[in-house]
Protein chains: 4
Amino acid sequence: MNSIVQSQSQPIKEGQTTRTTTHLLVKCPDQPGIVSKLSTFLFEHNANIVESSQYSTDPEGGIFFIRIAYNCENSAEKIKQMEKDFAEIAQQYNMTYRFHYPSIRQRSAIFVSSDLNCLMELLWEWQNGDLQMDIAVIISNYEFARPIAEAHGIPFYYIPANKDIRLQVEAKQIKLMHEYNIDLLILARYMQILTPNFVSHFENQIINIHHSFLPAFIGADPYSRAHQRGVKLIGATSHYVTNELDEGPIIEQDVERVDHRDDISTLKKIGGKIERRVLARAVRWHLENRIIVEGNKTIVFQ
Amino acid sequence: MNSIVQSQSQPIKEGQTTRTTTHLLVKCPDQPGIVSKLSTFLFEHNANIVESSQYSTDPEGGIFFIRIAYNCENSAEKIKQMEKDFAEIAQQYNMTYRFHYPSIRQRSAIFVSSDLNCLMELLWEWQNGDLQMDIAVIISNYEFARPIAEAHGIPFYYIPANKDIRLQVEAKQIKLMHEYNIDLLILARYMQILTPNFVSHFENQIINIHHSFLPAFIGADPYSRAHQRGVKLIGATSHYVTNELDEGPIIEQDVERVDHRDDISTLKKIGGKIERRVLARAVRWHLENRIIVEGNKTIVFQ
Amino acid sequence: MNSIVQSQSQPIKEGQTTRTTTHLLVKCPDQPGIVSKLSTFLFEHNANIVESSQYSTDPEGGIFFIRIAYNCENSAEKIKQMEKDFAEIAQQYNMTYRFHYPSIRQRSAIFVSSDLNCLMELLWEWQNGDLQMDIAVIISNYEFARPIAEAHGIPFYYIPANKDIRLQVEAKQIKLMHEYNIDLLILARYMQILTPNFVSHFENQIINIHHSFLPAFIGADPYSRAHQRGVKLIGATSHYVTNELDEGPIIEQDVERVDHRDDISTLKKIGGKIERRVLARAVRWHLENRIIVEGNKTIVFQ
Amino acid sequence: MNSIVQSQSQPIKEGQTTRTTTHLLVKCPDQPGIVSKLSTFLFEHNANIVESSQYSTDPEGGIFFIRIAYNCENSAEKIKQMEKDFAEIAQQYNMTYRFHYPSIRQRSAIFVSSDLNCLMELLWEWQNGDLQMDIAVIISNYEFARPIAEAHGIPFYYIPANKDIRLQVEAKQIKLMHEYNIDLLILARYMQILTPNFVSHFENQIINIHHSFLPAFIGADPYSRAHQRGVKLIGATSHYVTNELDEGPIIEQDVERVDHRDDISTLKKIGGKIERRVLARAVRWHLENRIIVEGNKTIVFQ
């Protein structure tokens, strides 16, 4: 079952109330009447739909996806009843689904190596209020990011890493993820390969930025290889991490124009600007529950 | 009342049946339960929603807009019953609305002067099947477009025009619009100003392409003025025509980068490529019933 | 030696005179004084430089490239003397070079299969005067393009082709290229692989359009593979053809944004628009002598 | 005389030597032989041209502009001699010109109000080494920027400002500009109008960012007016400040796509990202001596 659209919702504590927008993500076999069923359910529970996006792989026998944003008084008691009532519909239509309550902010960990551009952009957008998450911890295999982390009051862990000590390193990181109760791992130019074991702990919860327009230049040194190939555009790709290197579901990509005069260091400068905006967008869409992973692709409801 | 979203639908002839996608556009005061009502109505009439986009100016007391695309067996009898049933909902929710049946192709007239680029693009996309309309007639104040029109088997009318004979010219044109039963007038670089009388006959039915990124360079000679001002981007804007020159609801805009070396004739060449793609997109969205005009703005459901 | 920048210039017939802009392309080891030498040479031959672009791979020991556009009275006698004088400088500085006289229009052959979009765009820009070449012949392995070719008065050859008869096919094509005295072969979506023998006849004279942003999706069916991979951008690449499939020097690339809703046929439509503008730009730059091939990369002087 | 391209160069102190790239900007009536003269001059002074860009408004009787980047041993003695020798050529060809020696970093002052996005971007790019200038002082009519200025060790002056005390405010600011020996004033969203007197002190030395694609939405509240007009693109423009509000020579512009769902606050967010990159580019080009102001337009040599 898909971990983003699943039949478990985030818990709401007893007595807690939220009044702003809730997101409901649903996936099920397509058939007539789904929208009618969902919208009537919401209406009968005094929820007012403010945004709705849907997609079907095929109206005849395909898979149906919908993201509904609705406003509703969200007391814990109300939510409990609503989820209980919804479970029946979900069973009837064979739905996987998830409610995202705005009161529950996702907790993220940012992994970074020596290039701090993407980290800086994330911190900036986070401070501007454009990334609704808690940044619980920053982890790096270098010390460079420490002053920035500390200036923002974010716990920083320096964990040296290399191929030979990968398992110990990842054991420490996994422990930290649990200690800090992390929902989302952001690899903001973290230049270490993650093992299948690590990735398996965080399915569709790790967002990476790769410094090329995938599938071009998978793997190491994409800017050098772009320079070597003489491309006229360079790009960056943000994707969920899977066990296939740079092969996970793509969330967002962008490019900039370059020419023969641009050496590798210039490509890196230009590329750095693409990376930071592409990663920030991908993280924002993730936090706004706009993304559904289906197979090796993403549906991004704008 | 808004002429695009109105309480009158296009007629279906007795016995005629369509099986492909119908579009329903609705506008009404926002209130809870609209989506539920609409989707339940469609479900009960055996219509399967394949696409749905909505927008509310404000969930509290705003105006609600929705475009639903649905598949349904569309016999004339069925349509008659469905529209009758829908009229009750519409009254209850104070809706203006319109059903667009795919069997009924819009009939367009293309107006053009001496620059044939936009006309050529429209003909090309139309031949490729990307513009689902009948091109019923081409009208020009020059003879240049005649061979192209004739090569495509489209009736061509040469109607010389200038300020002094505007009323006679427009009288002829209006007569032709009625003779050819025109739904959509496309001004594909037609360089004559239309009178309020003419425009009033075709509210939200005239699409123009203006050769600047409006509201910059309203009026004549935008490329010369762009050159004079030293802008670094030039653009084009497609909009519905109203009685305020170049002030109608904007449908689509795009730009390209230019620099100090580009003289006016180069700006025209670059701009011509922008114009043709911007106009073609605007016409396509109009034909796909993606546009709702609200006040002096458009809602374009992508 | 590089065939674009070489020590042979196009011949000017006795008595022929051109008064418009000539292009001089030069490549040589970088050293101080080259610009001084070239500009003084031109000044002393009454040539007025109107545009000049240069590039050095490295000012210390690198390779220097320059494109100079100059106005000059170009009688055959004058040209003869100028080229003779220039030969001495070229020897002294170890230059490869080429004079391009505006009076001599390049003669092109367009190869096309069943998708006529790129062909149409080339014909259009050619008629607008934006592609300064003679289109001497159109060759296809289908009959589809015949009416268009004939409507434009361009000789059309239907040469059925497949893997098994490749050598015979290419022999016919090479013969036609010689008969029509072709300088430039444009593969405007010609879906046959060319043999090394064929390519060797036309080094840096064959421009192809590939329907992906290379090096992503080399080879067949790039749109299907782009759909499969779930990319958020699709693109097109124009390049000179070498014996490595889709690996030749890239001239120009561009992309457009797509999303999860776009099926393969939509990707093809969107991609078709990218292809046609990318190919047209590449051909234009080639005709304006803006491109120098160096190794597997291009220098494009804008 | 044009203040950017003028017959005075920045002084080099006795004994000081620079070995990196010098820029020579020249403007003069076009005539044959200029490039020859300049390049021969440089060659004879052991200078190696590494980049050269030129532009003529008209080869027959127009104005000629050139930017030459050259490498040369730059002792103070050498420079003195070279400038003396050059003065003769300048007189002969009626040139205005300027040598920019890399050893002399421009000193900038950043003016900002309450929106710190552009300031942050400038500081970031400056720290990355992409803006080769000294930031000598930050001035604001709010206290918001103080902590950031102080964290970067840059003197900060809080100067409250409004219409009524404009003259006193500007007197203080002009005094500071002289005290800090400022070459470049950057208005990074400084929301006060400058008087002609102030502007006259710093001709072509003040770079502003305006939050619209000029000439659309000149003046106050461009995002509100863009929202009101229903444009489909919003933009930002960086320009030199003159006494005509938002009418100075445009250096750079860019846009982003928006749609009907974007309210004013979303337009501001999207626009903020455009503003910061447009301003940073304009400042970089200014510092790299790529810009020549000619009348009310800029020539930007890329």
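### A short note on the packing of aromatic side chains
Scanning the model with the defined rule gives 52 aromatic pairs over all chains in all. Summarising the aromatic geometry, the rings of Phe-213 of chain A and Phe-217 of chain A are spaced 6.4 Å apart at their centres and angled 75 degrees between planes, so their arrangement reads as edge-to-face. Overall, Phe-213 of chain A belongs to the buried group, its relative accessible area being 2%. For the pair Phe-86 of chain D and Tyr-97 of chain D, a centre-to-centre distance of 4.8 Å together with 65 degrees between the ring planes defines the contact as edge-to-face. Note that Phe-86 of chain D is positioned in helix α2 (residues 76–93) and Tyr-97 of chain D in strand β6 (residues 96–100), a separation of eleven residues in sequence. Using a relative accessible area of 7% as the deciding quantity, one classes Tyr-97 of chain D as buried. By way of ring pairs, the aromatic residues Phe-41, Phe-86, Tyr-97, Phe-99 and Tyr-101 of chain A are connected into one cluster. When the ring centre of Trp-124 of chain D is taken as reference, the NZ or CZ atom of Arg-276 of chain A above it lies at 4.0 Å.

### Notes on the environment of Lys-27 of chain D
All names here are of chain D. Positionally, Lys-27 belongs in strand β2 (residues 21–29). Taking the relative accessible area as the measure of exposure, Lys-27 reaches 19% and is therefore buried. Counting along the chain gives 62 residues from Lys-27 to Ile-89, while the straight-line C-alpha distance between them is 12 Å.

### Side note on the interface of chain C and chain A
Opposite the 32 residues of chain C that make contact, chain A presents 32 residues. Here chain C and chain A share an interface that buries about 2700 Å² over both sides, 54% of which is from carbon and sulfur atoms. Per-residue buried area on chain C facing chain A is highest for Arg-229, Lys-232 and His-260 of chain C; these three make up 28% of the total on that side. For the pair chain C and chain A, the number of links is six salt bridges. With its nearest N and O atoms 3.7 Å apart, the salt bridge here joins Asp-254 of chain A to Arg-257 of chain C.

### Brief notes about the side chain of Arg-281 of chain D
Along the chain, Arg-281 of chain D turns up in helix α8 (residues 264–287). Of the residues examined, Arg-281 of chain D reaches a relative accessible area of 19% and is grouped as buried. Among residues more than four places away in sequence, those in contact with Arg-281 of chain D are Arg-257 of chain B together with Glu-252 and Asp-254 of chain D.

### A short note on the sheet that holds strand β13 (residues 250–257) of chain A
All names here are of chain A. Strand order in this open sheet of seven strands is β9-β8-β7-β10-β11-β12-β13, and the pairing throughout is mixed. In the strand order of this sheet, the two ends are held by β9 (156–158) and β13, each with one partner. Pairwise comparison of adjacent strand axes, ignoring direction, gives a mean angle of 15 degrees for this sheet. When strand β8 (residues 133–140) meets β9, the two strands line up parallel, connected through three bridges. Residue pairing across strands places Ile-138 opposite Phe-156, the latter belonging to β9. Here helix α3 (residues 117–127) sits on the sheet in contact with β7 (106–112), β8, β10 (184–187) and β11 (206–210), set at roughly 160 degrees to β8.

### Quick notes on the packing of helix α7 (residues 222–229) of chain D against α8 of chain D
All names here are of chain D. Where α7 contacts α8, the axes come no closer than 9 Å and their chain directions differ by 120 degrees. Relative to α8, the element α7 lies oblique. Seen from above, α7 lies across α8 with right-handed handedness. Contacts from Tyr-223, Ser-224 and His-227 of α7 reach α8 at Ile-264, Leu-267, Lys-268, Gly-271, Gly-272 and Glu-275. Grouping the amino acids of the contact of α7 with α8 by side-chain chemistry returns three nonpolar, four polar and two charged.

### With respect to the relation of the copies chain A and chain B
If you rotate chain A by 180 degrees and push it 0.0 Å along the axis, it lands on chain B with an RMSD of 0.0 Å. Accordingly, the operation relating the two chain copies is best matched by a two-fold axis. Closest approach to the rotation axis within chain A is made by the C-alpha atom of Ser-36 of chain A, at a distance of 2.8 Å. When the interface residues of chain A are mapped onto chain B, 100% of them are again interface residues, pointing to one common binding face.

### Observations regarding the interface of chain A and chain B
Contact with chain A, which involves 15 residues of that partner, is made by 15 residues of chain B. Three residues stand out in chain A for area buried against chain B, namely Phe-43, Asn-48 and Gln-54 of chain A, and they jointly supply 30% of the buried area on that side. Applying the counting rule to chain A against chain B returns zero salt bridges. Our enumeration of links across chain A and chain B arrives at six residue pairs in polar contact (both at pLDDT 80 or more). Elements supplying a minimum of two residues to the side of chain A that touches chain B: α1 (34–44) and β3 (48–56) of chain A. Sort the elements by how many residues they give to the side of chain A that touches chain B and β3 of chain A lands first, with six residues. In terms of residue class, the side of chain A that touches chain B is made up of six nonpolar, eight polar and one charged.

### Brief notes about the pattern of salt bridges
Throughout the structure, instances matching the rule amount to 92 salt bridges over all chains. Across the pair Arg-276 of chain A and Glu-121 of chain D runs a salt bridge, and its minimum N-O distance is 2.7 Å. Here the residue Arg-276 of chain A occupies a position in helix α8 (residues 264–287), and Glu-121 of chain D occupies one in helix α3 (residues 117–127), the pair thus bridging two chains. Here Arg-276 of chain A falls in the buried class, since its relative accessible area comes to 6%. Notably, a salt bridge pairs Asp-134 of chain B with Arg-105 of chain B, separated by 2.9 Å at the nearest N-O pair. Within this pair, whereas Asp-134 of chain B is found in strand β8 (residues 133–140), its partner Arg-105 of chain B is found in the loop between β6 (96–100) and β7 (106–112), the two being separated by 29 residues in sequence.

### Describing the confidence of the model for chain A
Low-pLDDT portions of the prediction should not be read for the details of their coordinates. Residues and elements named next belong to chain A. In this model, chain A carries an average pLDDT of 92, and 94% of its residues clear a pLDDT of 70 or more. The low-confidence segment residues 1–19, where pLDDT is below 50, has 63 contacts with residues more than four positions distant or belonging to other chains. Taken together, the chains of this predicted complex give a pTM of 0.93 and an interface ipTM of 0.91.

### Section: the relation of the copies chain C and chain A
Between chain C and chain A, the superposition needs a rotation of 180 degrees and an axial shift of 0.0 Å, giving an RMSD of 0.0 Å. A high fraction, 100%, of the interface residues of chain C reappear at the interface in chain A, so the copies pair face to face through one surface.

### What about empty space enclosed by the protein?
According to the stated counting rule, one finds 13 cavities of 30 Å³ or more in the structure shown. A volume near 100 Å³ is recorded for the largest cavity. Around the largest cavity, the lining residues are Ala-226, His-227, Gly-230, Val-231, Lys-232, Val-258, Asp-259, His-260, Asp-262 and Leu-267 of chain A together with Lys-297 and Thr-298 of chain C. The set of elements that each furnish at least two residues to the lining of the largest cavity consists of α7 (222–229) of chain A together with β15 (297–300) of chain C.

### Some points on helix α5 (residues 166–179) of chain B
Residue and element names in this part refer to chain B. A rise of 1.5 Å per residue sets the reference length of α5, with its 14 residues, at 20 Å; its end C-alpha atoms lie 20 Å apart and thus fit the reference within 8%. Taken as a whole, α5 has its buried residues at Arg-166, Val-169, Glu-170, Gln-173, Ile-174, Leu-176 and Met-177. Projected onto a plane normal to the axis of α5, the buried residues spread over an arc of 160 degrees and lie on a single side. Turned more than 90 degrees away from the buried face of α5, the exposed residues are Leu-167, Lys-175, His-178 and Glu-179. If you follow the buried residues of α5, they end up packed against β7, β8, β9 (156–158), β10 (184–187) and α6 (196–200). Count one or two residues on from α5 and you reach Asn-181, which has phi positive near 60 degrees.

What counts and how
- Residues numbered from 1 in each chain as written.
- Chains lettered and ligands numbered in written order.
- Predicted model: local features only at pLDDT ≥ 70, side-chain atom pairs only at ≥ 80, totals over all residues.
- Heavy atoms only, no water.
- Phe/Tyr/Trp six-rings, centres within 6.5 Å; stacked < 30°, edge-to-face > 60°.
- Buried < 20%, exposed > 50% of the residue type's maximum accessible area, 1.4 Å probe, protein only.
- Helix = DSSP H or I, 4+ residues; strand = E, 2+ residues; numbered from the N terminus.
- Lys NZ or Arg CZ within 6 Å of the ring centre and 35° of its normal.
- Contact = heavy atoms within 4.5 Å.
- Buried area = accessible area lost by both parts, 1.4 Å probe.
- Salt bridge = Lys/Arg side-chain N within 4 Å of Asp/Glu carboxyl O.
- Pairing = 2+ DSSP bridges.
- Axes fitted to C-alpha atoms, helices over the stretch in contact; angles between N-to-C directions.
- Parallel < 35°, antiparallel > 145°, perpendicular 65-115°, else oblique.
- Left-handed = near helix turned anticlockwise from the far one by under 90°.
- Nonpolar A, V, L, I, M, F, W, Y, C, P; charged D, E, K, R; others polar.
- Least-squares fit on C-alpha atoms with pLDDT ≥ 70 in both.
- Polar contact = N/O pair within 3.5 Å; in protein donor to acceptor, adjacent residues only side chain to side chain.
- pLDDT = per-residue confidence, 0-100.
- 1 Å grid on protein atoms, 1.4 Å probe; cavity = no way out; pocket = protein on both sides within 12 Å on 5 of 7 lines; lining within 4 Å.
- Points joined across faces, edges and corners; volume = space filled by probe spheres on them.
- Expected span 1.5 Å × (residues − 1).
- Arc of directions from axis to C-beta.

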